[in-house]
Amino acid sequence: MKILSWNCRGLGNTTTVRHLAALVRHHNPEIVLISETHLTEDRFVRTCSKLKFANFHYVPPLGYSGGFGICWLQGVDCTIRDSNKNNISCVISSDPPGNPWHLLGMYGPPHNSDKEAFWLKVGDFTLNCQDPLLMIGDMNGTLKDSECFNYANQGNSSRYAFDFCQMVNRVGLVDLGFQGPGYTWSKGRNRSSQGGGVKRARLDRGLASIEWRILFPNSIVHHLAASGSDHRPILLDTSGGVNGRGRSFKYENMWARDPRCFWVVKEAWSKCLHAN
């Protein structure tokens with residue numbers, strides 16, 4: 001399965017819509033998450049129809065800001081559980097069949113005053129979720145300083161995104177990493193050879209529970225290119241690593257945090273499937 005997520009910063013202009021259509025044609029995602037659309041519901045429905053998506057769910061903007069939607073192809077079993085201006089919660093039951101998992105499409109609060117309560121609520125939901133869980137979208141925060149470049153002014157705590165980091169550490173979500181450029185958001189232009197006028201940050205990402213990561217061990221997140229927005233689209237491909245040549249085995253530290261790890265290893269050794 002492929003999931004495309006993009007903070008498009010407005011789908012009201014023809015150029016952005018064309019870029020979105022080109023992304024859909026080239027990458028063939030089954031699910032598309034779009035934030036900051038700035039569209040009425042009628043216009044969002046028409047856009048989904050143009051992109052050949054038969055199913056959708058939409059949270060209209062408040063005034064001139066916001067607008068958060070999800071659309072999916074026919075054949076994808078997607079059940080919407082809850083939605084608001086900052087997240088869309090749904091259950092995917094078709095891939096893989098018989099193993100439902102939870103998808104949280106995210107548009108993190110941009111204002112510091114809203115972050116603590118929001119990420120606390122998201123963390124509580126994640127801890128109580130019984131299904132494997134994937135969280136993807138614009139988090140409006142970073143997990144470490146190396147993900148920022150000139151991102152914060154003095155006294156701006158959003159650089160460290162304390163509440164977002166605390167939530168990730170509290171519930172044990174795994175960062176899915178990425179392929180492509182290191183930053184997904186940029187603002188400004190170079191004013192010197194050192195790029196002092198440019199701000200960049202990795203605000204968009206995929207996070208998953210250990211159970212989801214085990215369910216989709218070959219998942220890859222790609223940072224894509226597109227104009228019309230200061231955010232890069234990101235594409236999650238759950239089978240992206242299947243066709244890699246000469247792929248070596250790599251132990252992931254997160255496995256040790258799963259209480260089932262010991263028994264999985266013990267059972268594998270007892271089956272004597274190895275030569276030694």
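Residues numbered from 1 in each chain as written. Predicted model: local features only at pLDDT ≥ 70, side-chain atom pairs only at ≥ 80, totals over all residues. Heavy atoms only, no water.

Enquirer: Please clarify how the confidence of the model for the chain should be interpreted in this entry.
Expert: Fine structural detail should not be taken from predicted coordinates in areas where pLDDT scores are low. For the chain, per-residue confidence averages 87 on the pLDDT scale, and residues scoring 70 or more make up 86% of the total. For the chain, per-element mean pLDDT is lowest for helix H6 (residues 261-270), which scores 72, and highest for strand S8 (residues 133-138), which scores 98. (pLDDT = per-residue confidence, 0-100. Helix = DSSP H or I, 4+ residues; strand = E, 2+ residues; numbered from the N terminus.)

Enquirer: Hey, could you run me through the nonpolar core in this one?
Expert: Side chains of a nonpolar character, in soluble globular proteins, are inclined to be buried together. Ile3, Ile31, Trp101, Leu103 and Leu134 are the most contacted members of the largest nonpolar core, which totals 25 residues. Looking at this core, the elements that each hand over two or more residues are strand S2 (31-35), strand S4 (68-72), strand S6 (87-92), strand S7 (101-107), S8 and strand S15 (234-237). Within the second largest apolar cluster, 19 residues are counted, among which are Leu11, Ala21, Leu39 and Leu224. (Core = buried A, V, L, I, M, F, W, Y, C linked by side-chain atoms within 4.5 Å. Buried < 20%, exposed > 50% of the residue type's maximum accessible area, 1.4 Å probe, protein only.)

Enquirer: Even after reading the chapter, I still don't get the pairing of strand S13 (residues 204-208), so can you show me in this structure?
Expert: Look at any regular strand and the pattern is simple: side chains alternate between the two faces of the sheet. Here S13 lies mainly inside the structure; five of its five residues are buried. Side chains of S13 alternate between two faces, with Asp204, Gly206 and Ala208 and Arg205 and Leu207 buried alike. Here five bridges tie S8 to S13, and the two strands are oriented antiparallel to one another. Its bridge partner lying in S13, Asp138 is registered against Asp204. Examined bridge by bridge, strand S10 (residues 174-175) and S13 share two bridges and lie antiparallel to one another. Among the inter-strand pairings, Asp175 is bridged to a residue of S13, identified as Leu207. (Pairing = 2+ DSSP bridges.)

Enquirer: I keep staring at the pattern of salt bridges and nothing clicks. Help me out?
Expert: When their charged atoms lie close together, side chains carrying opposite charge are able to pair. What the rule picks out here adds up to six salt bridges. In this structure, the salt-bridge partner of Arg202 is Glu147, at a minimum N-O distance of 3.1 Å. Of this pair, Arg202 sits in the loop between strand S12 (199-201) and S13 while Glu147 sits in the loop between S8 and strand S9 (148-149), and the two are 55 residues apart along the sequence. Overlapping salt bridges, with partners in common, bring together Glu147, Asp175, Arg202 and Arg205 in one network. (Salt bridge = Lys/Arg side-chain N within 4 Å of Asp/Glu carboxyl O.)

Enquirer: Explain the sheet that holds S8 here, please?
Expert: Strands pair in a sheet through their backbones, by hydrogen bonds, and they do so in one of two ways: parallel or antiparallel. With mixed pairing, six strands are arranged side by side in an open sheet as S5-S6-S7-S8-S13-S10. Among the strands making up the open sheet, the edge pair consists of strand S5 (78-83) and S10. Pairing between S6 and S7: six bridges, direction antiparallel. Bridging from a neighbouring strand, Ile92 pairs with Trp101 of S7.

Enquirer: Just checking my understanding: could you explain unusual backbone geometry for this structure?
Expert: Backbone phi values are negative for most residues with the exception of glycine, while trans is the configuration of most peptide bonds. Here the amide bond leading from Asp95 into Pro96 is cis, since omega sits at -5°, within 30 degrees of zero. Backbone geometry places Asn28, a non-glycine residue, at a positive phi of 55°. Note on placement: Asn28 falls in the loop between helix H1 (14-27) and S2. Take Asn28: its relative accessible area is 51%, and that puts it in the exposed class. Unusually for a residue other than glycine, Lys52 sits at a positive phi of about 70°.

Enquirer: Quick question: what am I supposed to make of the side chain of Lys115 here?
Expert: The topology assignment puts Lys115 in helix H3 (residues 112-128). Of the side chains bearing the opposite charge, Asp163 lies closest to the buried Lys115, which forms no salt bridge; the N-O distance is 7.4 Å. Here Asn140 takes part through its backbone oxygen, which lies 2.9 Å from a polar atom of the side chain of Lys115. (Lys, Arg positive; Asp, Glu negative; His and termini not counted. Polar contact = N/O pair within 3.5 Å; in protein donor to acceptor, adjacent residues only side chain to side chain.)

Enquirer: In this structure, what is going on with H1? I would like to understand it.
Expert: Note that an α-helix has 3.6 residues per turn; residues three or four places apart therefore point the same way. Given a rise of 1.5 Å per residue, 14 residues ought to cover 20 Å, and the 20 Å separating the end C-alpha atoms of H1 matches this to within 8%. Where H1 is concerned, the buried positions are Thr16, Leu20, Ala21, Leu23, Val24 and His27. With its buried residues spanning 155° around the axis, H1 presents them on a single face. Opposite its buried face, H1 presents the exposed residues Thr14, Arg18, Arg25 and His26, each directed more than 90 degrees away. Each element contacted by the buried residues of H1 is listed here: strand S1 (2-7), S2 and S15. At the N-terminal boundary of H1, the capping side chain belongs to Asn13, with an oxygen 3.1 Å from the backbone nitrogen of Thr15. Phi turns positive one or two residues past the end of H1, at Asn28, with a value near 55°. (Expected span 1.5 Å × (residues − 1). Arc of directions from axis to C-beta. Contact = heavy atoms within 4.5 Å.)

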